[in-house]
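Spelled out from the first residue to the last, the chains are:
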Amino acid sequence: SLLLLAWLTLHWGILPHIDEWRPRVEALASRSLGVPVKLGRIEVRTGSWVPAAELRDVVLHDAQGREALRLPRVTASLSLPALLALELRFDQLLIEGAALEVRRDAQGRLRVAGIDMGDGEAGTGSTELSDWFFEQHEFVIRGSTLRWVDELRDAPPLALADVQLVVRNSLRRHDVRLDATPPAAWGERFTLQARFRQPLIARAGDFSRWSGTVHAALPHADVAELRRHVALPFELAGGAGALRAWLDIDQGRPRGATVDVALRDVNL
């Protein structure tokens, strides 16, 4: 059949020489992500129906050609149907040891490693990169660091260590879990979880069409530090202890919140 012929061509004609195809893979990745991409080396592990690739020194550039993000090691479980359709899509994309900066500027625009991800406000469109990201089946980051810079709130940068991020996407649903360790003065390791759904005909990265729930669990946090980065639904100026919160999202906008607190030295 045509599918078998394509599979044989992939395994016997392309994959053994995949590093020679690096310029074409770079072009495909650049077109899919909407930003220039350079790959240091590509290695492929076969032995199953779906091959897996290991990419070394993956570099993304911003619109001015400057290096925006360097990933030392990326492991990708390739999607065979997407490959046959010449689309860059993965069953799983695993990144280890990344150093990532996420910035929200004074206008509310979100930038990941210097790359514009579109407006943070509901009702605006999403970029090709965010659409591509939320079309991948599973995206995992392990053992990485994340620096959050919020110019909109004029907050000091927040550095998170040992970041573990899992994003699972399907046609209409997006599940996200983030575990990270903040600075010692800020609090203990925390967890953020979110489950969103979107209309069938919406673009994958159009956050203004998403609805669902965001859950935060902080076993110990200093409220004085927390309120610099998060808008709480009440004026909590001081306190330390545990906090859990559920935020309901409807069509990209917050509609309600539930907060459980167990704090001492509270200033409310």
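(A) The environment of Arg-142, seen in detail. The topology assignment puts Arg-142 in strand S8 (residues 138-150). Residue Arg-142 is classed as partly exposed on the basis of its relative accessible area of 40%. Taking the C-alpha atoms as reference, Arg-142 lies 9.8 Å from Asp-179; in sequence the two are 37 residues apart. Those residues in contact with Arg-142 that sit more than four places away from it in its chain are Leu-94, Ile-95, Glu-96, Gly-97, Val-163 and Gln-164.

(B) Region of interest: the pairing of strand S4 (residues 90-96). As paired strands, strand S3 (residues 67-78) and S4 are joined by 6 bridges and run antiparallel to one another. Bridge pairing links Ala-76 to Leu-93 in S4. In this structure, S4 lies alongside S8, joined through 4 bridges in parallel fashion. The residue bridging Glu-96 from the neighbouring strand is Arg-142, located in S8.

(C) How the structure looks around the packing of aromatic side chains. Under the definition given, this model contains 7 aromatic pairs. Ring centres of Phe-134 and Phe-207 lie 5.7 Å apart, and the angle between their planes is 85 degrees; on these two criteria the pair is classed as edge-to-face. Here the residue Phe-134 occupies a position in the loop between helix H4 (128-133) and S8, and Phe-207 occupies one in the loop between strand S11 (190-197) and strand S12 (211-222), the gap between them amounting to 73 residues. The exposure class assigned to Phe-134 is buried, which follows from its relative accessible area of 11%. In textbook terms, an aromatic cluster arises when at least three aromatic residues are bridged by ring pairs, as seen for Phe-133, Phe-134, Phe-139, Phe-196, Phe-207 and Trp-210.

(D) Broad picture of the nonpolar core. The biggest cluster of nonpolar side chains holds 52 residues, and the ones touching the most others in it are Val-37, Val-58, Leu-60, Phe-139 and Leu-218. For this core, the leading source of residues is S3, giving 6 residues. Those residues in contact with Leu-60 that lie beyond four places of it in its chain are Leu-33, Val-35, Pro-36, Val-37, Arg-66, Glu-67, Ala-68, Leu-69 and Ile-115.

(E) Geometry of the side chain of Glu-26. Considering the arrangement of structural elements, one finds Glu-26 in helix H2 (residues 22-33). Within the buried core, Glu-26 has no salt-bridge partner, and the shortest N-O distance to an opposite charge, that of Lys-38, equals 4.1 Å. Filtering out sequence-adjacent residues up to four positions away, Glu-26 remains in contact with Val-37, Lys-38 and Leu-39.

(F) Spotlight on the pattern of salt bridges. Per the counting criterion, the structure on display carries 18 salt bridges. With a shortest N-O distance of 2.6 Å, Asp-150 and Arg-104 are connected by a salt bridge. Highlighted residues: Asp-150 in strand S8 and Arg-104 in strand S5 (residues 99-104), separated in sequence by 46 residues. Between Glu-225 and Arg-228 there is a salt bridge, and its shortest N-O distance comes to 3.8 Å. Take Glu-225: its relative accessible area is 22%, and that puts it in the partly exposed class.

Reading the values: rules and limits
- Residues numbered from 1 in each chain as written.
- Predicted model: local features only at pLDDT ≥ 70, side-chain atom pairs only at ≥ 80, totals over all residues.
- Heavy atoms only, no water.
- Helix = DSSP H or I, 4+ residues; strand = E, 2+ residues; numbered from the N terminus.
- Buried < 20%, exposed > 50% of the residue type's maximum accessible area, 1.4 Å probe, protein only.
- Contact = heavy atoms within 4.5 Å.
- Pairing = 2+ DSSP bridges.
- Phe/Tyr/Trp six-rings, centres within 6.5 Å; stacked < 30°, edge-to-face > 60°.
- Core = buried A, V, L, I, M, F, W, Y, C linked by side-chain atoms within 4.5 Å.
- Lys, Arg positive; Asp, Glu negative; His and termini not counted.
- Salt bridge = Lys/Arg side-chain N within 4 Å of Asp/Glu carboxyl O.

Shape is all these values report; function is a separate question.
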